[in-house]
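In case you want the letters, here they are:
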Amino acid sequence: MTLAFPPVSVLAGSYDLLLVILSILVATLASYTTLILSKRIVTTTGSATLWLGFGALSMGIGIWSMHFIGMLAFELPIPLGYDQGLTVVSLVIAIVMSGFALMQIRNNRLTVPRLLAAGLLLGLGIAAMHYTGMAAMDMHPGIVYHPFYFTLSVLIAIAAATAALFIAFHLSRRVAGPLILYQLIAALIMGLAIAGMHYTGMVAANFPFGSVCRAAADINRDWLAGTVATVSIAILLATLLLALLDGRFETATSRLHRSLQMANSELKRLSLTDQLTGLPNRFTLVDDLQSLLEQPGDEGLLCAVLFVDIDRFKFINDAQGHAGGDELLRQTATRLRASYADRGAVARFSGDKFVAVLHGLRAPSEIVTHIEKLRETLHQPFRIRGRDVALSCCIGVAVAPNDGNDAKALIGHAEKAMYVAKAEGPGHYRFYKPAMQEAALREFDLQRALREAIANRELELFLQPKFCARRGRIASAEALMRWRHPEHGLLLPGQFLPIAEKFGILNQLEEWAIREACVILRGWSQNGMEESLSLAVNVSALQFRATDFVERMLRLKQEFELTPGQLILEITEGSAMRDPDRTARAMLALSAAGFEFSIDDFGTGYSSLAQLKRLPFRELKIDRSFIVDFHRSPDDRQIVEVIVSMARQFGMRVVAEGVEDRAVGDSLAALGVDLLQGYGFARPMPLPDFVGLAQAA
């Protein structure tokens, strides 16, 4: 199908409608590709220059192809052709013009003056490409252009270029709405505008009668148009596909990057925050405190670091369960945070320990006032799982600049002061003193040496005899640990067992003590010592609550071939009553295997007769606090009488410890006490001395 122009004083031209449509489609595809490329150029960071060059090439080829196909669609009643040199020049103009357009889109701002100037230059470039392509026809005589239509085509080119720049700039930065639909509509408008400019320019061209195309060649117009269209469309589609794939890849990469950033932010938050309470953790505390200490401030102002430890938290945690303990910590954190909202900060240091920082203080008395308010705040009952829980705390205080200006050192000083306060009892607080540092260093040196004491054979069991109250003979002994320190000499349990408990090595020492007691008992059996002679060893609550304690004791019995009643396990009243059900199961299993149990420090705990009746105790030891003033205090004497009577009801033998003179021993024997232990009869002694004393008796 052809379109015929009205007959004029020029050669009549016509168009192949299919090629016209094909040129418009190529223009639209080139426009759409341009819009996609513009977004890649704007959003891509590392490869924007590469996309700019590649985009200029593909966009220029696409626009030029539309122009060339449009030229091929035009027919005259004479052979036509195109000069290769000028055709290439028109292609170069199209590529350069495309690069210029994409550079304008790449800029962050596109003001109205800049848009108009760029649109003018780009429109003139499009017109130059078109009319250079027309010149490639090399007509003789030359083409005569109608002034009106020529001017109109240039104006259309400028308007189309300006509109294309405006649309591409804004769509390349659009993130919301139906973007693909906007791009398709815009591409169609841009394609029609470019085609409109081309065909307006063709209308402006007049070919006089007798004109000859000196570039005419024997070519198949349809084949050439199809080849150019196929190549250009392939280039445009390849460019479009690469741009879309790169966009998808960048979107996925960007999403992954955002996810990683969010994960890193969350990890950073987790690393700086205590997850249970939401308070800053110890690492954040150190950094924030150091920053605070390094800030310039008024001379004479103090900064107090308070190390807060909840008293009896383990007992509360056991009674309320871990969920209850966690809830208590959360509520404690809430109260502490409220107490330091104005002029301080608080962090969870570890477990049941918190550290608070109070700054801008003018006198130590302000610290004391604050501590009293804080203790009152924490003393208010907490509602945990439907029950009111009372709380007290021990507090250690270090003050900057008096105690230093290093965050870690200040926190360490406050912690040392807290342990001193804790040793004095629940609810105490103490300010740091340099002597505490010296004591802490001594403790550290002792615990380090204590870890090596077993391997170095520095530990030893001393035995303190228990005498039969009626016959006066040695009936049993209590094994008491001693440490022959290479520098400090013989150390008593009170000098190193608290350190062992503090630094987590008490369990190791007690295991050694039990095994060493078994070694002693086996030696007695092999040496013909009296079979009824028994040995008692202390077992802490920590050791007794171990899940494998029963199994370990049964293995020791088998290994050392212990006879029933040889080894007596002494546990305190408080330890036995902490978890009565679990205690009963363990004691019954061991009693059935031949172990005996002695309840130590009886009368100082909170056990009831009903609870004691459930537990298979064979021996009851009256605490020394009731024996010291036995002759001077009627109350103590009456308590002892009640204890002895109760023990008889349960079939237990009674041991009185702390007996300092024989007169007291005689009175206790008269009351029915079975065994007497104390300095009034014999002090703890090394094993050889005990064996000699027992054999002599």
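First, a word on what this report is: a plain description of the structure on this page. Values in this document were obtained by computation on a predicted structure and should not be read as measured data.

## Examining the overall build of the protein
Turning to step 1, where the next piece is worked out: Regarding its fold elements, the protein presents 22 helices and 23 strands.
Turning to step 2, where the next piece is worked out: Relative to its full complement of 697 residues, the protein shows a buried share of 48%.
Turning to step 3, where the next piece is worked out: In the protein, the share of contacts with a sequence separation of at least 24, taken over all contacts with a separation of at least 6, comes to 75%.
Turning to step 4, where the next piece is worked out: Carbon together with sulfur atoms contributes 59% to the accessible area of the protein, which is approximately 34,100 Å² in total.

## Focus on helix H16 (residues 549–560)
Turning to step 1, where the next piece is worked out: Between its terminal C-alpha atoms H16 stretches 17 Å, which fits the 16 Å expected from 12 residues at 1.5 Å a residue.
Turning to step 2, where the next piece is worked out: Of the positions making up H16, those classed as buried are Phe549, Val550, Arg552, Met553, Leu556 and Phe560. Buried residues of H16, seen end-on, are gathered within an arc of 165° and therefore sit on one face of the element. For H16, the exposed residues set more than 90 degrees away from the buried face come down to Arg555 and Gln558.
Turning to step 3, where the next piece is worked out: Those residues of H16 hidden inside the fold are in contact with helix H14 (506–526), helix H15 (541–544), strand S19 (567–572) and helix H18 (580–592).
Turning to step 4, where the next piece is worked out: With its phi angle positive at about 55°, glutamate 561 sits one or two positions after the end of H16.

## A short note on the pairing of strand S22 (residues 653–657)
Turning to step 1, where the next piece is worked out: Of all five residues that make up S22, five are buried, and the element is covered over most of its length.
Turning to step 2, where the next piece is worked out: The alternating pattern of S22 places Arg653, Val655 and Glu657 and Val654 and Ala656 on opposite faces, both of which are buried.
Turning to step 3, where the next piece is worked out: Here four bridges tie strand S21 (residues 619–622) to S22, and the two strands are oriented parallel to one another. From the neighbouring strand, glutamate 619 faces S22, where its bridge partner is arginine 653.
Turning to step 4, where the next piece is worked out: With helix H20 (residues 634–649) bridging S21 and its parallel neighbour S22, the resulting β-α-β unit is right-handed.
Turning to step 5, where the next piece is worked out: Relative to strand S23 (residues 675–677), S22 is paired through three bridges, and the arrangement is parallel. Paired with alanine 656 across the two strands is leucine 676, which belongs to S23.
Turning to step 6, where the next piece is worked out: Regarding the hand of the β-α-β motif, the stretch spanning S22, helix H21 (residues 662–671) and S23 is right-handed.

## Examining the pattern of salt bridges
Turning to step 1, where the next piece is worked out: Applying the stated criterion across every chain yields a total of 25 salt bridges.
Turning to step 2, where the next piece is worked out: The salt bridge involving aspartate 309 is made with lysine 353; its shortest N-O contact spans 3.2 Å. Of this pair, aspartate 309 sits in strand S8 (residues 302–310) while lysine 353 sits in strand S10 (residues 353–361), and the two are 44 residues apart along the sequence. In this pair, the class of aspartate 309 matches that of lysine 353, namely buried.
Turning to step 3, where the next piece is worked out: Across the pair lysine 621 and glutamate 570 runs a salt bridge whose closest N-O atoms are separated by 3.3 Å. You can see lysine 621 sitting in strand S21 and its partner glutamate 570 sitting in strand S19, a full 51 residues away along the chain.

## So, the side chain of glutamate 570
Turning to step 1, where the next piece is worked out: A residue is classified by how much of its surface remains accessible, and glutamate 570, at 1% relative accessible area, is buried.
Turning to step 2, where the next piece is worked out: Only 3.2 Å separates the side chain of glutamate 570 from the side chain of lysine 466, close enough to count as a polar contact.

## Here we look at the pairing of strand S20 (residues 596–602)
Turning to step 1, where the next piece is worked out: Where burial is concerned, most of S20 is hidden: six out of the seven residues are buried.
Turning to step 2, where the next piece is worked out: In this sheet, S20 lies alongside S19 in parallel orientation, the contact comprising five bridges. Its bridge partner lying in S20, glutamate 570 is registered against serine 598.
Turning to step 3, where the next piece is worked out: As judged from the three bridges shared by S20 and S21, these two strands associate in the parallel manner. Across the sheet, the residue bridging to serine 598 is glutamate 619, located in S21.

## Observations regarding the environment of serine 532
Turning to step 1, where the next piece is worked out: Residue position: serine 532 is located in the loop between H14 and strand S18 (534–538).
Turning to step 2, where the next piece is worked out: Measuring from C-alpha to C-alpha, the distance between serine 532 and alanine 475 comes to 7.2 Å, with 57 residues separating the pair along the chain.

Scoring rules and cut-offs
- Residues numbered from 1 in each chain as written.
- Predicted model: local features only at pLDDT ≥ 70, side-chain atom pairs only at ≥ 80, totals over all residues.
- Heavy atoms only, no water.
- Helix = DSSP H or I, 4+ residues; strand = E, 2+ residues; numbered from the N terminus.
- Buried < 20%, exposed > 50% of the residue type's maximum accessible area, 1.4 Å probe, protein only.
- Contact = heavy atoms within 4.5 Å.
- Areas by Shrake-Rupley, 256 points an atom, 1.4 Å probe, with all protein chains shown as cover.
- Expected span 1.5 Å × (residues − 1).
- Arc of directions from axis to C-beta.
- Pairing = 2+ DSSP bridges.
- Right-handed = clockwise from strand over helix to strand, strands pointing away.
- Salt bridge = Lys/Arg side-chain N within 4 Å of Asp/Glu carboxyl O.
- Polar contact = N/O pair within 3.5 Å; in protein donor to acceptor, adjacent residues only side chain to side chain.

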